[in-house]
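# Per-entry structural report
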Amino acid sequence: EQQQSLLLSSSARFPPPQGVRLSYGTAGFRADAGLLQSTVYRVGILAALRSLKLDSSVIGLMITASHNKESDNGVKIADPSGGMLSQHWEPFADALANAPSPQHLLHLIIEFVEKENIPLEGARPAQILLGRDTRPSGESLLEAAKQGISSILGAVAIDMGIVTTPQLHWMVRARNKGVKASELDYFEQLSSSFRCLMDLIPSGSTFNEVDYKLVVDGANGVGGEKLEVLKKRLDGLAIEVRNSGKDGGVLNEGVGADYVQKEKVVPRGFSSQDVGIRCASLDGDADRLVYFSVPSESSSKIDLVDGDKMLSLFAVFIKEQLSILNKEGHTDVNSDYQPRLGVIQTAYANGASTDYLRRLGLEVLFTPTGVKYLHEKAAEYDIGIYFEANGHGTIVFSESFLCWLESRNYELSSVVKGSEQQKAALRLLAVSKLINQAVGDALSGLLLVEAILRHMGWSIHRWTELYQDLPSRQLKVKVVDRTAVVTANAETVAVRPPGIQEAINAETAKYPQGRSFIRPSGTEDVIRVYAEASTQEAADSLANSVAKLVD
Ligand code: 16G
Ligand code: ZN
């Protein structure tokens with residue numbers, strides 16, 4: 001009773017916008033910030049219900065629109081593991097966001113609580129961790145989220161302030177594991193595991209002085225700000241942060257990982273003065289990372305190191321550590337455990353990266369676009385490495401593998417302390433602590449890249465040369481109804497409209513090393529077209545002909 005009247009009165013203060021239909025989408029709700037008050041309020045309710053449903057575990061609520069323009073904003077939920085909201089609840093999120101009146105909203109909630117058996121009078125209160133990026137609209141949206149949360153009796157909101165998306169996911173995961181989960185704990189875990197990897201670098205590894213320097217484009221967002229703090233805890237690495245948001249630049253405008261990866265040009269604040277220097281770009285909420293270098297003074301084009309190449313670097317390193325670990329040593333500690341290593345990509349992965357990874361003997365799998373799909377697949381392995389070409393990715397380790405690794409490290413250290421095998425075990429353990437296992441994290445990814453390059457003694461140039469990307473082209477086609485295109489096999493095949501795949505195949509066959517696919521975007525009203533081929537002209541031409549088929 002009391003609960004119902006509370007919901008009715010509080011939701012009356014957050015009327016939904018007229019004439020817009022919102023959808024939870026690939027990465028939560030996203031729209032112009034002015035439209036989102038009621039949505040965020042309602043997601044606050046959803047987060048509280050989600051917590052109650054899961055024994056009052058901590059749930060995350062993040063307010064961000066990532067790489068989108070500053071006037072946009074968005075909201076998404078993190079589940080207790082630190083991963084994305086279970087897909088099973090997305091339809092409920094959609095329904096809540098679009099309920100036309102407080103009565104409708106209440107009715108939906110009552111129905112859902114019953115269907116899902118949610119203990120409204122739970123033994124413990126719901127707990128929600130809140131975070132937001134640097135967008136000016138974040139503050140009032142955060143207030144709306146708090147109102148939503150407190151319209152579920154007893155629910156508690158804990159405001160973490162301005163954080164990166166992956167920091168919030170990390171904190172949710174840590175809290176639910178019962179370990180310390182403040183921002184300081186996050187920085188401490190990253191910097192100490194980074195130090196551990198640096199201490200284990202083989203003594204023969206050579207690194208040129210010029211390669212010590214790393215320049216990072218912070219997209220004028222939260223990531224640059226946090227990196228300024230984190231870098232003070234790091235030894236042996238000279239990081240310069242540009243576009244930290246303090247020098248007047250606008251969030252994501254001509255800067256950031258999305259811009260750099262799509263346009264393949266230098267972001268603002270970088271110039272021909274940076275030729276040859278190792279550079280990196282974060283996106284607006286610091287869950288994406290790409291590297292790049294400026295090849296020559298005469299060009300604003302860059303040599304891009306995208307998610308595929310980061311994935312390859314991580315895979316090479318981990319494979320190397322596993323093979324050291326499994327070498328028959330004189331230590332005679334027997335290893336009866338063969339960890340399963342899996343690599344997950346999407347159709348956007350450059351074909352040259354997939355070939356390279358398969359030549360290394362790795363198992364490569366594909367899922368549809370969107371972190372929730374990649375992460376889920378990666379979690380099926382002892383070590384699952386996933387990346388989207390756009391720079392979002394991470395490594396996930398199974399609990400059983402980490403347990404095995406701990407005990408193996410213990411055994412090895414009791415035989416010969418400091419053996420190569422033991423070092424390999426320690427490195428893998430450090431990676432599992434450095435990398436954010438909840439979600440892709442530009443800051444932890446950056447530190448892992450830096451440590452591995454140092455370990456290998458590689459310059460960014462050497463890294464770029466692991467393989468040569470095939471030229472590619474992405475286009476988008478505005479359509480009336482993007483749901484007319486339906487895909488299968490991890491978006492590599494269009495099964496609808498009828499006949500279109502045959503037509504794409506016929507076009508693709510005209511080009512050496514040609515590959516092309518179409519898919520409906522999960523975030524915009526467009527059909528996306530991807531094409532790659534042996535030359536840039538061919539990739540452009542293939543993309544154009546396929547786009548015409550869609551129109
Ligand atoms: C979202 C996804 C990203 C994906 C992109 C595709 C998350 C956290 N983010 O940003 O992984 O690459 O959508 O957008 O899942 P699209 O469907 O418009 O091409
Ligand atoms: Zn992002």
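A short tour of the structure in this document, coming up.

Rules used in this analysis
Residues numbered from 1 in each chain as written. Chains lettered and ligands numbered in written order. Predicted model: local features only at pLDDT ≥ 70, side-chain atom pairs only at ≥ 80, totals over all residues. Heavy atoms only, no water. Helix = DSSP H or I, 4+ residues; strand = E, 2+ residues; numbered from the N terminus. Buried < 20%, exposed > 50% of the residue type's maximum accessible area, 1.4 Å probe, protein only. Polar contact = N/O pair within 3.5 Å; in protein donor to acceptor, adjacent residues only side chain to side chain. Contact = heavy atoms within 4.5 Å. Near = heavy atom within 4 Å. Areas by Shrake-Rupley, 256 points an atom, 1.4 Å probe, with all protein chains shown as cover. Core = buried A, V, L, I, M, F, W, Y, C linked by side-chain atoms within 4.5 Å.

## A few points about the side chain of Ser51
One can find Ser51 in helix 2 (residues 37–53). Using a relative accessible area of 0% as the deciding quantity, one classes Ser51 as buried. Engagement of the side chain of Ser51 in a polar contact is seen with the backbone oxygen of Ser57, the distance being 2.7 Å. Excluding anything up to four places from it in sequence, Ser51 contacts Ser56, Ser57, Ile59, Ala126 and Gln127.

## Observations concerning the site of ligand 1
Inspection of the region around ligand 1 gives 15 residues, with Glu388, Ser521, Gly522, Thr523 and Arg528 positioned closest. Note that an oxygen atom of ligand 1 is positioned 2.6 Å from one of the backbone N or O atoms of Gly522. Within the contact set of ligand 1, an oxygen atom lies 2.6 Å away from a side-chain nitrogen or oxygen of Arg528. Relative to its unbound accessible area of 460 Å², ligand 1 is 92% covered by the protein chains.

## Details of the nonpolar core
Tyr291, Ile318, Ile395 and Trp463 are the most contacted members of the largest nonpolar core, which has 84 residues in total. In terms of residue count, the dominant contributor to this core is helix 10 (residues 307–325) (eleven residues). If we skip the residues at most four places from it in the chain, Tyr291 touches Leu214, Arg278, Cys279, Ala280, Asp303, Leu304, Val305, Leu446, Val449, Glu450, Ile460 and Trp463. Core analysis: the second largest hydrophobic core is formed by 44 residues, Leu7, Phe14, Val113 and Ala144 among them.

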